[in-house]
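This is what each chain is made of:
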Amino acid sequence: MRCPFCHHPDSRVIDSREVEDGQNIRRRRSCPQCSRRFTTVEEAVLAVVKRSGVTEPFSRAKVVDGVRRACQGRPVDEDALALLAQQVEDTIRVAGAAEVPSQDIGLAILGPLRELDEVAYLRFASVYRAFSSADDFMAEIQSLRADHRPDAGEPVEPPRVDATSTGPPGAMARNAGSPVAPRTSVV
């Protein structure tokens, strides 16, 4: 590291500390030429390799912008988008690679977005996975529904019927001859 004071091409590290949850390293250095001290901050750069082969630094803002477009008109606040971007970055950094294909970033977005908002997930997935027909949407919707069904081993409780329902006048009388009791939900 070049000394910022005398421009000597070398320096000695006196102290190193991790900052910002290990994302950066702060180093205290000393110049052997002029004996002055200075601080450097090293940042672990996460590079994104785009489909075209171009490499650029990872940006949480770009993740938030892409997800914000998918969430347009949905009840999703900025804090949730920021948290999602943080989750995506954490997922990617855990892999430990210095360069990550943009495809992997999209996959890392899909999981948290599915939990955040299913409609936004479908919008994002339709662009990201290049849905070409309504059948692609239907297959994804069926997948979403399958994930919300109880496991086969768990009994499904039938809806309860409340005979003392205070429905519209005559509701019980209309159904009096019917073998099926009126359905009302108890919350």
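Remember, predicted model here, so these are calculated numbers, not experimental data.

(A) The state of the cysteines, seen in detail. Summed over the entire model, instances satisfying the criterion amount to zero disulfides. In this structure C6 is a free cysteine whose sulfur lies 3.5 Å from that of C31, the closest cysteine sulfur available. Given the relative accessible area of 31%, C6 is considered partly exposed.

(B) Expanded view of helix α4 (residues 118–128). Turning to α4, its buried residues number three or more, namely A120, Y121, L122, F124, A125, S126 and Y128. Sitting at the head of α4, D117 places a side-chain oxygen 3.1 Å from the backbone nitrogen of V119. Where α4 ends, the next residue or the one after it, A130, has phi of about 55°, a positive value.

(C) Representation of the sheet that holds strand β6 (residues 99–101) in the model. The three strands lie next to each other as β5-β4-β6, forming an open sheet whose pairing is mixed. Whereas interior strands pair on both sides, the edge strands pair on one side only; in this sheet they are β5 (55–57) and β6. The average angle at which neighbouring strand axes cross in this sheet is 35°, direction not considered. Bridge count for strand β4 (residues 47–49) against β6 is three bridges, and the pairing is parallel.

(D) Summary view of the packing of helix α2 (residues 78–94) against helix α3 (residues 102–116). Two elements in contact, α2 and α3, have axes separated by 9 Å at closest approach and are oriented at 140°. By the criterion of interaxial angle, the relationship of α2 to α3 is oblique. Handedness of the crossing formed by α2 with α3: right-handed. Between α2, through A80, L84, Q87, V88, T91 and I92, and α3, the contact on the second element is made entirely by I105, A108, I109, P112, L113 and L116. Of the residues contributing to the contact of α2 with α3, the split by class is ten nonpolar, two polar and no charged.

(E) The arrangement of the nonpolar core in detail. Of all hydrophobic cores here, the largest spans 29 residues; its most connected members are V63, V67, V88, I92, I105, I109 and L113. For this core, the secondary structure elements donating two or more residues are α1 (60–70), α2, α3 and α4. Residues contacting L113, with those up to four places away along its chain left out, are V67, C71, L84, A120, Y121 and F124.

(F) Representation of the packing of α3 against α4. Following both chains from N to C, one finds α3 and α4 inclined at 160°, their axes separated by 8 Å at the closest point. Here α3 lies roughly antiparallel to α4, going by the angle between them. Note that α3 runs across α4; the crossing there is left-handed. Contacts from S102, Q103, D104, G106, L107, I109, L110, L113, R114 and L116 in α3 reach E118, A120, Y121, F124, A125 and Y128 in α4.

(G) Quick peek at unusual backbone geometry. Residue H7 is not a glycine yet carries a positive backbone phi of 65°. With respect to the helices, strands and loops of the structure, H7 is situated in the segment before β1 (12–19). Here S35, not a glycine, exhibits a phi torsion of approximately 65°, which is positive. Given a relative accessible area of 56%, S35 falls into the exposed group.

(H) Expanded view of the packing of aromatic side chains. Under the definition given, this model contains zero aromatic pairs. Sitting over the face of the ring of F5, R36 holds its NZ or CZ atom 3.9 Å from the ring centroid.

(I) Quick look at the pattern of salt bridges. Within this structure, the stated rule accounts for nine salt bridges. In this structure, R29 engages E42 in a salt bridge whose closest nitrogen and oxygen atoms are separated by 3.3 Å. Taken together, the residues span a long stretch of sequence, with R29 in strand β2 (residues 24–30) and E42 in strand β3 (residues 37–43) at a distance of 13 residues. A residue is classified by how much of its surface remains accessible, and R29, at 9% relative accessible area, is buried. Of the residues examined, E42 reaches a relative accessible area of 30% and is grouped as partly exposed. One salt bridge in this structure joins R68 and D65, with 2.9 Å as the shortest N-O distance. Residue R68 and its partner D65 are both found in helix α1; the two are separated by three residues, about one turn of the helix. Salt bridges sharing common partners tie together R27, R29 and E42.

How each quantity is defined
- Going along each chain's sequence as written, the residues are numbered from 1 onward.
- Owing to the predicted nature of the model, reporting of local features is limited to residues with pLDDT of at least 70; listing and counting of side-chain atom pairs is limited to 80 or more, with chain, interface and lining totals taken over all residues.
- With hydrogens and water excluded, all non-hydrogen atoms of the structure serve as input to the side-chain values.
- Any two cysteine sulfur atoms within 2.5 Å of one another count as a disulfide.
- Categorising residues by exposure relies on relative accessible area from a 1.4 Å probe, with only protein chains included: less than 20% of the type maximum marks a residue as buried, more than 50% marks it as exposed, and the intermediate range marks it as partly exposed.
- The helix count covers DSSP runs of H or I at least four residues long, the strand count covers runs of E at least two residues long, and both are numbered beginning at the N terminus.
- Pairs of N or O atoms are called polar contacts if they sit within 3.5 Å, as long as, within protein, a hydrogen donor faces a hydrogen acceptor (for residues adjacent in sequence, only side-chain-to-side-chain pairs).
- Between any two strands, at least two bridges found by DSSP are needed for them to pair.
- Comment: axis = line fitted to C-alpha atoms, over the contacting stretch for helices; angle = value between 0 and 180 degrees taken between N-to-C directions.
- Angular relationships are summarised with four words: roughly parallel below 35 degrees, roughly antiparallel beyond 145, roughly perpendicular across 65 to 115, and oblique for the angles in between.
- Whether a crossing is left-handed or right-handed is set by the direction in which the near helix is turned from the far one by less than a right angle, anticlockwise for left-handed and clockwise for right-handed.
- Residue contacts are counted whenever heavy atoms from the two residues lie within 4.5 Å of one another.
- Three residue categories are used. Nonpolar comprises Ala, Val, Leu, Ile, Met, Phe, Trp, Tyr, Cys and Pro, charged comprises Asp, Glu, Lys and Arg, and polar comprises the others, including Gly.
- Take the buried residues of types Ala, Val, Leu, Ile, Met, Phe, Trp, Tyr and Cys, join any two whose side-chain atoms come within 4.5 Å, and each joined set is a nonpolar core.
- A pair of aromatic rings is counted whenever rings of Phe, Tyr or Trp (Trp by its six-membered ring) have centres within 6.5 Å, and the orientation is called stacked for planes under 30 degrees apart, edge-to-face for over 60 and tilted otherwise.
- To sit over a ring, a charge needs its Lys NZ or Arg CZ within 6 Å of the ring centre and within 35 degrees of the ring normal.
- Definition used for salt bridges: Asp or Glu carboxyl oxygen within 4 Å of a side-chain nitrogen of Lys or Arg.

Remember, this is a structural readout, not a statement about activity or role.
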